[in-house]
Structures are given as structure tokens and as C-alpha cells.
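# Architecture and fold: a report
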Amino acid sequence: MKIRIGMGNVPVRGAPGGDPDPAGLVTELEALGVDSVWFSDLVSAPGAVDPLIGVAYAAGLTERLKLGMSVIVLPGRNPAVVAAQLASLAALAPRRVLPVFGVRPARRADRTVFPVPDGHRAEVFEEALRVVRALLTMPVVTHHGRFFHLSEASVAPLPAKPVDLWLSGRVPAALDRIGRLGDGWLGGNITPAEAENCRASIVRAADRADRMIEEDHYGTYVTIVQDDAEEHAVDALLARLRQDRPDVDDPRTLLCWGWDDAREHLRQFTDIGLSKFVVRPAGPVTSRRAFLEAFTTELMPLENR
């Protein structure tokens, strides 16, 4: 399996919104040979960049860096417009566009931004995903479903190579959906043992649907708490994790406490079949350059070429 490790947002202490220079981030990652950069769909978060806009911006600044979007909230967006945007991005940055779709926003405050009929978010998601895939692979699409209607619709240019559509989620219904409809899985806030169970569930769902997901299309976010992390930022993150993962006794187990622990987590993840990772700090860092240099020293040697 190709083990690859990318980078999420790296907010900097004291900077407006935590991120003074997104252009600097992507150009530094390109210069350091980092595999990928990732933009999250966090409408109300200070310093956040819309993932589709962020990827387009980064595409114009780089030539090699892969460009990830995790996760794009699909229900509440027009799937035909999303397909057209992805087709344009794939033309601007061939073989570098990595979309990951999710059912609902990570932040509760964002949930009214992506309205769908009450009780139908999962159904809207599945139909929207089918529309996106059809438009990215077929020259003309006519679709009359429960939520979306298209008559002889098309997007151009069609990607020369199909764009892999990865999905997120960890509950049983989401894992079943990934096996039935997805090309890969990107988890988050998850232990290696949980990731192993998730991967096995996705494989079983894919088998039931007579599909196969490539062996190296499983990954997760890895969140690192550095020694100099601000205590209030870590406490705030742990509070969010307690809210999001009430089933976990100790949310500290969902984080990596320093670079040694991060290396050990990545080894455990790769042992159970994950090979794609997105690293992010637990909160604002003192120096982005220092964090990236530590990343290239401590984690990038774990990649295989």
C-alpha cells in the first residue's frame, strides 16, 4: 500500500483568525514535498477557507501538491453545481483533486446553512452523490429522483480519469453507505481499534454490493497535541470530543500526545490497513514553519515510495 501523509490547516497563535497566510502554507508544503493539503467545510470557523475555493486557490500556486476537501457537506448543495466545480478543478489540477463528502456539518452552528427536508438528510446525500458521480462520468445525464431532477444535463470537461469520491463517517449506516457508494473512507477522531472495525464493516458492505474499494483507499485524520500546546485550546478540543463522541470514556485516546505518540498511532493504523493520513495540530501553533519542519522530520519518513 502507498502510505501518504498530508496536512490540514495549521493555525498560528496571534494571527487574525489563526491563519495569516494560506498561500504560504500551500507553497511551503509543496517545497517540502508533502503529499497533500486539506481544507475543511467549516462555514462559521474563524480563519476557515471554503474547501472548493481553497483547492482552486492552491491549484494555482502549486504543481505537485494533492488537494483535499474534507469533508464537503453534500446535502444542502446543488449536486450538479458540485459536479461542475469538481470537473473544473480536475481540469485545472489533473489527478490532484481529492474530494471527501459528508452527510452533515461538523459544527452544530453550521447545520442550518445546509437545509434539507426534515428526516431525509441521508436520503438526500445518497441521491446527490449518485448525481455527482453520474455527471462526472457520463456525457449526458437525465435523472428524475425524489429530490433532484435533471434533463440532458452535462458538465465539461469530463475528467480524463474518474475522480474518486471518498466518504466520511463511522456509524453503521455510514459504513454501509461507504461500502455501497464510496471509493474510499477518511475517518476522524477515531482510535486504531475503532478504525479496524470500521474498515472491516466497509469491506463487508462493499462485498454485499458486489463492489471493491481499493486496498489503499482507507485513511483518517491524526490530531497532534504538542508539548507547548495552549491549555485552553486543548481543553476546548476535549470538550468538543466529549460532545461528539459520548461513547468514548476518555477523549484523550482520540489524540496523539506528541510526535512519538503520533508515529506509534500511524504504525498501528497502517498495521490494520489504513494508508492515507491527514495531520493537524490540536490548536494554534507558535510557529507554522517549526511545526512543518517537525512534521517532515518525524512523520514523512513513514511514507513509502
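One can find the structure itself at the top, above this paragraph.
Reference entry: report on the structure contained in this document. The structure presented is a predicted model; accordingly, all values stated were derived computationally and were not measured. (Residues numbered from 1 in each chain as written. Predicted model: local features only at pLDDT ≥ 70, side-chain atom pairs only at ≥ 80, totals over all residues. Heavy atoms only, no water.)

### Structural notes on the pairing of strand E8 (residues 184-187)
Of the two faces of E8, the one holding Gly 184 and Leu 186 and the one holding Trp 185 and Gly 187 are both buried throughout. Across two bridges, strand E7 (residues 166-167) lies against E8 in parallel orientation. For Leu 167, the partnering residue across the bridge sits in E8 and is Trp 185. For the crossover that starts at E7, traverses helix H5 (residues 172-181) and ends in the parallel E8, the hand is right-handed. Note that E8 and strand E9 (residues 218-225) share three bridges and pair parallel. Each residue of the ladder has a partner; that of Trp 185, found in E9, is Tyr 218. (Buried < 20%, exposed > 50% of the residue type's maximum accessible area, 1.4 Å probe, protein only. Helix = DSSP H or I, 4+ residues; strand = E, 2+ residues; numbered from the N terminus. Pairing = 2+ DSSP bridges. Right-handed = clockwise from strand over helix to strand, strands pointing away.)

### Side note on empty space enclosed by the protein
Here the structure, examined in full by the defined rule, presents two cavities of 30 Å³ or more. What the largest cavity holds in volume is close to 70 Å³. Looking at the largest cavity, the residues that line it are Arg 13, Ile 224, Gln 226, Asp 228, Ala 229, Glu 230, Ala 233, Pro 281, Ala 282, Gly 283, Pro 284 and Val 285. In this structure, the second largest cavity spans a volume of roughly 40 Å³. Along the walls of the second largest cavity sit Ile 190, Tyr 221, Val 222, Thr 223, Leu 254, Leu 255, Cys 256, His 265 and Phe 269, which together make up its complete lining. At the level of secondary structure, the elements contributing two or more residues to the lining of the second largest cavity comprise E9 and helix H8 (259-271). Among the elements that make up the lining of the second largest cavity, the one with the highest residue count is E9 (three residues). Looking at the lining of the second largest cavity residue by residue, the class counts come to seven nonpolar, two polar and no charged. (1 Å grid on protein atoms, 1.4 Å probe; cavity = no way out; pocket = protein on both sides within 12 Å on 5 of 7 lines; lining within 4 Å. Points joined across faces, edges and corners; volume = space filled by probe spheres on them. Nonpolar A, V, L, I, M, F, W, Y, C, P; charged D, E, K, R; others polar.)

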